[in-house]
Amino acid sequence: MLIPLILSGGSGTRLWPVSRKNLPKQFLSLMGHGTLFQQTVERTRVLPDVTAPIVVASEDHRFLAAEQLMELGIEGSTIVLEPVARNTAPAIALGALHAIDKDPDALLLVLPADHLIGDTEHFCEAVEQALPAARDGWLVTFGIRPDRPETGFGYIRRGDGIGEHAFQVAQFVEKPALKTAQAYLEDGGYDWNSGMFLFRASRYLEELAQHAPAMMETVKVAHASAATDLDFVRVDADAFARVPDNSIDYAVMEKTRRAAVIPVSVAWSDIGSWSALWLAGVRDAEGNLRDGDTIAVNTTNSLLRSHKRHLLATVGVDNLIVVTTPDATLVAHRDAAQDVKQVVEELKASGRSEHSLHRIVRRPWGSYDSLEAGDRFQVKRIVVKPGAALSLQKHHHRAEHWIVVSGTAEVTCDDKVFLLGENQSTYIPLGSTHRLRNPGKMPLEMIEVQSGSYLGEDDIVRLEDVYGRS
């Protein structure tokens, strides 16, 4: 049995302002059809003897992962929630333990959720080529054949051959200086470290127990105390907090004597910066990668990405990144794309919300868009999915006015339950117990006007909630 293990714990700093903590890049559609997460899952579905994936995701992203799997029609998947981030080695161990519960001989295909692979056919061929070595007890990684001297990736030096396609790993090399990267390219025996793996779940756990025994023991405790909630497996937070933080490379791959590498050319990118996206995309005759409503006059070698409601125009610029969202604009030189995370750090330090939240915030029941805010008032556009409902809740500091734009709303306000249609409205007094539900088959769209002394999202007392948030 081949089980894809999708690692989806990214925090979304390097592609700000489009990618943010509450909606990181793996859940965004950046290139091609579907999000990066969905593309990662989709490319595994044509592999032989493959099952539904195990996804290891952050607690904050559980509904994003579940919804995007549902959109693909994936049934039988397992979503394991990490209460805190502990790097790739523990995340893979959690996945391996769950895989062994399904099949003691399970093979794990470990894939980061936020990578782009343009050549799915050759990727699947590489996985099949790696199967014999993995079945024979090797921990196989996929090395990307370099096409340029790249200083942003680690490298793998190939050793002796194993069978027809695989090689022993002779050495893992840290991110090199440019001169060294050029030498690696000319040598021809080095590949980029992709962070993708194939091995038997039991073999990985054996190696982890040998080389990182404290990690193995604490992960086992956390796994044993996990509980199933809705469609999710919740790992015990206190137990998982005691797990050491380390990557699979440092914890296992650099120490084991059974590391193997399959060199591949699959149009791979980790989309680690806006420059990486520009490099991976289809550029026009002037070298520009453009998305959205853009006008480029005397503009060359630039990435231009406009929000759907905004026209973005550039004149006489070169090698720029210009990205707009409803609440933020980024302008950067392409060579400084890796420094975008410094903007995120400044936003965090100043207490601003733009590092984590978009103006449009997605919730399991739908979304809301903060249209306007001022002293003692806020206006939101709320969209509720068919059949979905917000929690039964109340507020201590604000009252709300609801106006239905389209669809039908079922409103609970204290002891009253009633329906509202298009152009109808109601008032929710401060302190009243209330709920909003969409009983129809079409999305419910409404305008909410909040007024009061405090309008923060933490002024919510959830009394009942079908999504387990009360």
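Fair warning: this is a prediction, and the values are worked out from it, not measured in the lab.

A.B. asks: An account of the UniProt feature "domain: MannoseP isomerase/GMP-like beta-helix" (unreviewed entry) in the protein is requested, with residue identities and associated values reported.
C.D. replies: With numbering matched to this structure, UniProt assigns "domain: MannoseP isomerase/GMP-like beta-helix" (unreviewed entry) to residues 292–347. The annotated region residues 292–347 carries 14% helix and 41% strand content, and the separation between its end C-alpha atoms amounts to 26 Å.

A.B. asks: Residue-level account of the side chain of T256, with values.
C.D. replies: Relative to the helices and strands, T256 resides in the loop between α9 (248–253) and β12 (259–264). What makes T256 buried here is its relative accessible area of 10%. Reaching out from T256, the side chain makes a polar contact with the side chain of E207 at a distance of 3.0 Å.

A.B. asks: Tell me about the environment of L330, residues and numbers included.
C.D. replies: Tracing the backbone shows L330 in strand β19 (residues 328–333). Judged by its relative accessible area of 6%, L330 is buried. When the C-alpha atoms of L330 and R45 are compared, they prove to be 37 Å apart, with 285 residues separating the residues in sequence. Apart from residues lying up to four places away in sequence, L330 is in contact with W16, P17, W274, I321, V322, V323 and V340.

A.B. asks: If you had to explain helix α7 (residues 213–224) to someone new, which residues and values would you point to?
C.D. replies: Compared with an ideal rise of 1.5 Å per residue, which puts 12 residues at 16 Å, α7 spans 17 Å between its outermost C-alpha atoms and is within 8% of the ideal. Three or more residues of α7 are buried, namely M215, M216, V219, A222 and H223. For α7, the angular spread of buried residues about the axis comes to 130°, placing them on one side. Set apart from the buried face of α7 by more than 90 degrees, the exposed residues are A214 and A224. Looking at the buried residues of α7, the elements they touch are α3 (88–102), α6 (201–211), α8 (237–241) and α9.

A.B. asks: An account of the nonpolar core is needed here, citing residue identities and associated values.
C.D. replies: In terms of nonpolar packing, the biggest core is built from 91 residues, with F142, L198, W274 and L436 touching the most fellow members. Take this core: its biggest share by element is eight residues, from helix α4 (residues 120–135). For L436, the residues in contact, after removing those within four places along its chain, are I382, V384, A389, L390, W402, A409, E410, V411, L444 and M446. The next biggest cluster of nonpolar side chains, apart from the first, holds 43 residues, and it includes A89, I156, L208 and A259.

Calculation criteria
Within each chain, residues carry numbers counting from 1 in the order of the written sequence. Only residues with pLDDT of at least 70 are given local features in this predicted model, and only at 80 or more are side-chain atom pairs given and counted; all residues enter the totals for whole chains, interfaces and linings. To get the side-chain values, all heavy atoms of the structure are used, and hydrogens and water are removed first. UniProt positions are given in the numbering used here, feature names are shortened, and annotations may be inferred rather than shown by experiment. A run of H or I in DSSP becomes a helix once it reaches four residues, and a run of E becomes a strand once it reaches two; helices and strands are each numbered from the N terminus. Exposure is judged per residue with a 1.4 Å probe applied to protein chains only, and the accessible area is read against the type maximum: over 50% gives exposed, under 20% gives buried, and values in between give partly exposed. Any pair of nitrogen or oxygen atoms within 3.5 Å is treated as a polar contact; in protein, a donor-acceptor pairing is required on top of that, and neighbouring residues in sequence qualify only through side-chain atoms on both sides. Two residues qualify as a contact provided that any one of their heavy atoms is within 4.5 Å of a heavy atom in the partner residue. Between the first and last residue of a helix there are one fewer steps than residues, each counted as 1.5 Å, and that sum is the expected span. Think of the arc as the fan of directions from the helix axis to the C-beta atoms. Definition of nonpolar core: a set of buried residues of the types Ala, Val, Leu, Ile, Met, Phe, Trp, Tyr and Cys, connected through side-chain atoms within 4.5 Å.

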